[in-house]
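For reference, the chains in residue letters:
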Amino acid sequence: MKRLFVIGYLGFLFAPFLHAQDSTPAPPVEPQVPRQQPGASRSSPPGQAVVPVPVPIAPPKPNGPVQKSLVRITATAVEPDYRAPWNAGALQRGVGAGFVISGNRILTNAHVVANSRYLTVERDGDPNKYPAMVQFIANDCDLALITVSAPDFFKNMIPLKFGGIPALEATVSAYGYPIGGERMSVTTGIVSRIDFQLYSHSSIDQHLAIQISAQINPGNSGGPVMQDGKVVGVAFQGYSGDVAQGVAYMIPTPVIKRFLQDISNGHYDEYPDLAITYAKLQNPTQRKFLGLKDDDHGVLVSSVVAAGPSDGILRPGDVLLAIDGHPIASDANVELEGERAQFEEVVERKFKGDSVKFDLLRDKQPMTVTIKLYKPWPYSVQGHSYDVRPRYVLYGGLLFQPLNLDMLEAYRLADLRLRHFFEYFILEQIYLQHPDVIVLSNILPDPINTYLAPYRGAIVDEVNGKKIRTLDELADAFAQAPERLVIRMIGDGPPLVLDRNKVEAARERIKTRYNVANEQNLQERPEPAESKQANKT
């Protein structure tokens, strides 16, 4: 799996500073006058006294009564089973944190509530567990909003407010429920880095993240990171101890505020993406060849994804000079609100349907273009999916599934052709010919499919001479098959051949032997109840 781990789930460590909550003031201490050693010089002027220097004492609760805003979330989730996708999946239980914000809403991490079937929330000083429900979930930025329907739950709860981006070396405090206990814990550290980082929950999205030295452990997920009484981030991931010590990350307020603004219309539209690759232009000779000035500005477009918003507007070889009026440095950074950030941060702060303007150089000629933003669908194949059912077709004991990250990790397939199709699905525009890269992922042994093990991990190319582009087309090909099915795979080798009559005769035997409830699922999300009712009428 990934070295960068998501922090979610489990309980807490008691903080040793709880004694600071004692309101009894410490008794005054008399200053100690240093004793003079025998033989020492008496050069001090007479009457000079030793003046005690006051020691500053930090307030016991620098961020206020956080326990009146913090909640403990317990999630019962079902993890999809990609090796036997007709099964419901494995039942899991985890614990995370959340905090109350305006509108009687609770903010937490997406990975705390993803795939959940039942949620409960607890608050400080209340022995009850309150059922909760997910309102919005953003798996691409690991944030979620949940709410509690109990009328008295939010009584006496204090909504937290948001601050800005803390400065480097500023002190912050992280609150949550990590392993080691049941009650609230707090750890304190400094801000050590502000940078773009991979969000491991989706395993493909990169957003602004802040590295902190405060101890973050499983169970801290979703808890607030605070400074001066305001939330400056949400704890969400860190490195395991064998990789790095004391390295944890929080989701900063620009990402949080963007999430809250995105859902203001009642729907989460995800982050848009330019869908390009680019190269930095810091080499003087390369810059001169491209007709650039010696001003350290500009990056070179390397490729443009056909399914993305930049297709037909940007071209490989374009030199991007400015985005929405912000000059792009040769290291791909721009100045935003007094801070340097990658120029993609300008796009990060926009929404589906918004536009972005580029000043660029094409064939050494200046020009300006405008791009209307959205998120290209092929990226979803290379990231983790949640709250969906695995898509599959089972025929003659042969299990066919579309290639994606979850399926690849479930089987740990090492076939080089399969890895190539996955890694270059976007860069080589493989999705244009294969919107679904359909893999023979597993075989349920039966007399009708003996000696077919070498085909495991192969990619379907055509059935009975017809090219197969999607899982739906494969299901149709099997449903309309003649007496013999000839399945050709991508690459060299003989085709896989099945006898339809034998497959039909073995259907019930295979279903009973392997407890297969449904032989196929072509939809990731179940059809809404109202749609099913409409189909019946």
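Fair warning: this is a prediction, and the values are worked out from it, not measured in the lab.

Draft legend 1. Just the overall build of the protein, in detail. Per the secondary structure count, the protein includes nine helices and 29 strands. Across the 537 residues that make up the protein, the buried fraction comes to 47%. For the protein, restricting intrachain contacts to residue pairs at least 6 apart in sequence, the fraction spanning at least 24 positions comes to 65%.

Draft legend 2. Highlighting helix α2 (residues 253-262). Among the ten residues in α2, seven count as buried, and that is most of the element. Looking only at α2, the buried set comprises Thr 253, Val 255, Ile 256, Arg 258, Phe 259, Leu 260 and Asp 262.

Draft legend 3. Representation of empty space enclosed by the protein in the model. Taken as a whole, this structure holds one cavity of 30 Å³ or more when the rule is applied. Its boundaries defined by the atoms lining it, the largest cavity holds a volume of some 60 Å³. Taken together, Leu 394, Tyr 395, Gly 396, Gly 397, Val 503, Ala 506, Arg 507, Ile 510, Lys 511 and Glu 519 make up the lining of the largest cavity. Residue assignment for the lining of the largest cavity shows that the elements contributing at least two residues are β22 (392-395) and α8 (500-513). For the lining of the largest cavity, the leading source of residues is α8, giving five residues. Partitioned by chemical class, the residues of the lining of the largest cavity number five nonpolar, two polar and three charged.

Draft legend 4. Looking closely at the pairing of strand β5 (residues 116-123). Of all eight residues in β5, six are buried; the element is thus mostly enclosed. In this sheet, β5 lies alongside strand β2 (residues 70-79) in antiparallel orientation, the contact comprising seven bridges. Each residue of the ladder has a partner; that of Arg 72, found in β5, is Glu 122. Linking two consecutive strands that pair antiparallel, namely β5 and strand β6 (residues 130-138), is a turn of six residues; a positive phi of about 80° is found at Gly 125 within it.

Draft legend 5. Spotlight on the pairing of β6. Both β5 and β6 contribute to a ladder of three bridges, which runs antiparallel. Its bridge partner being in β6, Val 121 is matched across the sheet by Tyr 130. Bridging between β6 and strand β7 (residues 143-148) involves six bridges; their strand directions are antiparallel. In the strand pairing of β7, Ile 137 is matched with Ala 144. What sits between the antiparallel neighbours β6 and β7 is a turn of four residues, in which Asp 142 has the positive phi angle 55°.

Draft legend 6. Just unusual backbone geometry, in detail. One non-glycine residue, Asn 115, lies in positive phi territory at about 60°. On the secondary structure map, Asn 115 appears in the loop between α1 (110-113) and β5. Located in the positive-phi region is Asn 156, a residue other than glycine, with phi close to 70°. Structurally, Asn 156 is set in the loop between β7 and β8 (171-176).

Draft legend 7. Representation of the side chain of Ser 173. Tracing the backbone shows Ser 173 in strand β8. In this view, Ser 173 contacts Asn 63, Val 186, Thr 187, Thr 188, Pro 224, Val 225 and Met 226; residues no more than four positions away in its chain are not counted.

Draft legend 8. Structural detail: the environment of Arg 500. Here Arg 500 is to be found in helix α8. Residue classification places Arg 500 among the partly exposed positions, given a relative accessible area of 23%. With 19 residues separating them along the chain, Arg 500 and Ala 481 place their C-alpha atoms 7.3 Å apart. Beyond its immediate sequence surroundings of up to four residues, Arg 500 is in contact with Tyr 395, Phe 478, Ala 479, Gln 480, Ala 481, Pro 482, Glu 483 and Leu 485.

Draft legend 9. Layout of the sheet that holds strand β28 (residues 496-499). Read across the open sheet, the four strands follow the order β26-β25-β27-β28; overall the sheet is antiparallel. Whereas interior strands pair on both sides, the edge strands pair on one side only; in this sheet they are β26 (466-467) and β28. Strands β27 (484-489) and β28 of the sheet are contacted by α8, whose axis makes an angle of about 65° with β28.

Draft legend 10. Structural context of the sheet that holds strand β4 (residues 105-108). Overall, antiparallel pairing links the six strands, which are arranged β2-β3-β4-β7-β6-β5 in a closed barrel. For this sheet, the mean angle separating the axes of adjacent strands, direction not counted, is 40°. Here ten bridges tie β2 to strand β3 (residues 90-101), and the two strands are oriented antiparallel to one another. What sits directly across from Leu 70, in β3, is Phe 99. Across the sheet, α2 is in contact with β3, β4, β6 and β7; its angle to β7 comes to roughly 60°.

Draft legend 11. Representation of the confidence of the model for the protein in the model. Averaged over every residue, the pLDDT of the protein is 86; the share at 70 or more is 85%. In this model, residues 1-5 is a region of pLDDT below 50 whose contacts with residues beyond four sequence positions or in other chains number 18 contacts.

Draft legend 12. Highlighting the packing of aromatic side chains. In the structure shown here, the tally under the stated rule is twelve aromatic pairs. Judged by centre distance (5.0 Å) and plane angle (90°), the ring pair of Phe 153 and Phe 154 falls under edge-to-face. Considered together, Phe 153 and Phe 154 belong to a single accessibility category, that of buried residues. Joined through ring pairs, the aromatic side chains of Tyr 130, Phe 153 and Phe 154 make up one cluster. The ring centre of Phe 153 lies 5.3 Å from the NZ or CZ of Arg 123, which sits over that ring. Above the plane of the ring of Tyr 271 lies Arg 258, whose end atom (NZ or CZ) is 4.0 Å from the centre.

What counts and what doesn't
Residues numbered from 1 in each chain as written. Predicted model: local features only at pLDDT ≥ 70, side-chain atom pairs only at ≥ 80, totals over all residues. Heavy atoms only, no water. Helix = DSSP H or I, 4+ residues; strand = E, 2+ residues; numbered from the N terminus. Buried < 20%, exposed > 50% of the residue type's maximum accessible area, 1.4 Å probe, protein only. Contact = heavy atoms within 4.5 Å. 1 Å grid on protein atoms, 1.4 Å probe; cavity = no way out; pocket = protein on both sides within 12 Å on 5 of 7 lines; lining within 4 Å. Points joined across faces, edges and corners; volume = space filled by probe spheres on them. Nonpolar A, V, L, I, M, F, W, Y, C, P; charged D, E, K, R; others polar. Pairing = 2+ DSSP bridges. Axes fitted to C-alpha atoms, helices over the stretch in contact; angles between N-to-C directions. pLDDT = per-residue confidence, 0-100. Phe/Tyr/Trp six-rings, centres within 6.5 Å; stacked < 30°, edge-to-face > 60°. Lys NZ or Arg CZ within 6 Å of the ring centre and 35° of its normal.

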